[in-house]
Amino acid sequence: MALEPGEVLRVELYFYEPASVPGEVNRTTITDPAMVEELVEAFTDVPAGTLASRGEDLQAARVTGLRYHLVDGSTRELTQYFLQPRDVVIAWPDAPAQHTTWGVPLEDYFADLGDSDEVDSSLRPASSLEE
């Protein structure tokens, strides 16, 4: 992801399991500059490769959709599917998904660090792996 922390005003994190969609998902909004920087750096220079077909594996993933709100008013989105340590899939709305060995379940670290609410799952970031 080609972003600099100074370009990002806030990050919305949407936590869910694929089986819970449609329905409501938990959204946490991070505005603390240090946490925003951490969430930008977490997806910068990630070593990723081609994704082999995962199909049913993704149904058991812990998912975090991330929406970065930029200072110019635009947004960038990605979705992280944490399957297990060293087995993570990253998807974008309009680009091929990739596999990486980097990543942790973001809900474990960020769910309590911002303002949280329940929102309709249709508001979550788009993913090329979800219909």
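Further up the page is the structure itself.
Here the structure is a predicted model, which is why all the values come from computation and not from measurement.

Peer 1: Whenever I open this one, the overall build of the protein confuses me. Can you help?
Peer 2: When its secondary structure is counted, the protein shows two helices and eight strands. In the protein, the order of α-helices and β-strands from amino to carboxyl end is β-β-α-β-β-β-β-β-α-β. The C-alpha atoms of the protein give 14 Å as radius of gyration, which agrees with the globular expectation for 131 residues (14 Å, within 12%). Based on the C-alpha atoms only, the size of the protein along its principal axes is roughly 35 × 30 × 25 Å. Within the protein, the proportion of its 131 residues that are buried is 40%.

Peer 1: Looking at this model, I keep getting lost on the side chain of Thr-29. Mind explaining?
Peer 2: Take Thr-29: it is sitting in strand β2 (residues 24-30). Beyond its immediate sequence surroundings of up to four residues, Thr-29 is in contact with Arg-10, Val-11, Glu-12, Gly-114 and Asp-115.

Peer 1: Looking at this structure, I do not really get the environment of Asp-108. What am I missing?
Peer 2: Within the secondary structure layout, Asp-108 lies in helix α2 (residues 107-110). In this structure Asp-108 comes out as partly exposed when scored by relative accessible area, which is 48%. Sequence-wise, Asp-108 and Leu-78 are 30 residues apart; in three dimensions their C-alpha atoms are separated by 18 Å.

Peer 1: When you look at helix α1 (residues 33-41) in this model, what are you seeing that I'm missing?
Peer 2: Every α-helix winds through 3.6 residues per turn, so residues three or four apart in the chain are directed the same way. Where α1 is concerned, the buried positions are Met-35, Val-36, Leu-39 and Val-40. Relative to the axis of α1, the buried residues are bounded by an arc of 140° and lie together on one face. Looking at the buried side of α1, the elements it contacts are β1 (8-16), β2, β4 (62-70) and α2. Sitting at the amino-terminal end of α1 is Asp-32, which places a side-chain oxygen 3.0 Å from the backbone nitrogen of Ala-34.

Peer 1: Help me out: how do you make sense of the sheet that holds strand β3 (residues 48-50) in this one?
Peer 2: In a beta sheet, neighbouring strands pair by backbone hydrogen bonds and run either parallel or antiparallel. Spatially, eight strands are ordered β3-β7-β6-β5-β4-β1-β2-β8 in an open sheet, and the strand pairing comes out antiparallel. The open sheet is flanked by β3 and β8 (115-120), the only strands paired with a single partner. For this sheet, the mean angle separating the axes of adjacent strands, direction not counted, is 30°. Taken together, the six bridges between β2 and β8 define a ladder with antiparallel strand orientation. The residue of β8 that forms the bridge with Asn-26 is Glu-118.

About the cut-offs
Residues numbered from 1 in each chain as written. Predicted model: local features only at pLDDT ≥ 70, side-chain atom pairs only at ≥ 80, totals over all residues. Heavy atoms only, no water. Helix = DSSP H or I, 4+ residues; strand = E, 2+ residues; numbered from the N terminus. Rg over C-alpha atoms; globule rule 2.2 N^0.38 Å. Buried < 20%, exposed > 50% of the residue type's maximum accessible area, 1.4 Å probe, protein only. Contact = heavy atoms within 4.5 Å. Arc of directions from axis to C-beta. Polar contact = N/O pair within 3.5 Å; in protein donor to acceptor, adjacent residues only side chain to side chain. Pairing = 2+ DSSP bridges. Axes fitted to C-alpha atoms, helices over the stretch in contact; angles between N-to-C directions.

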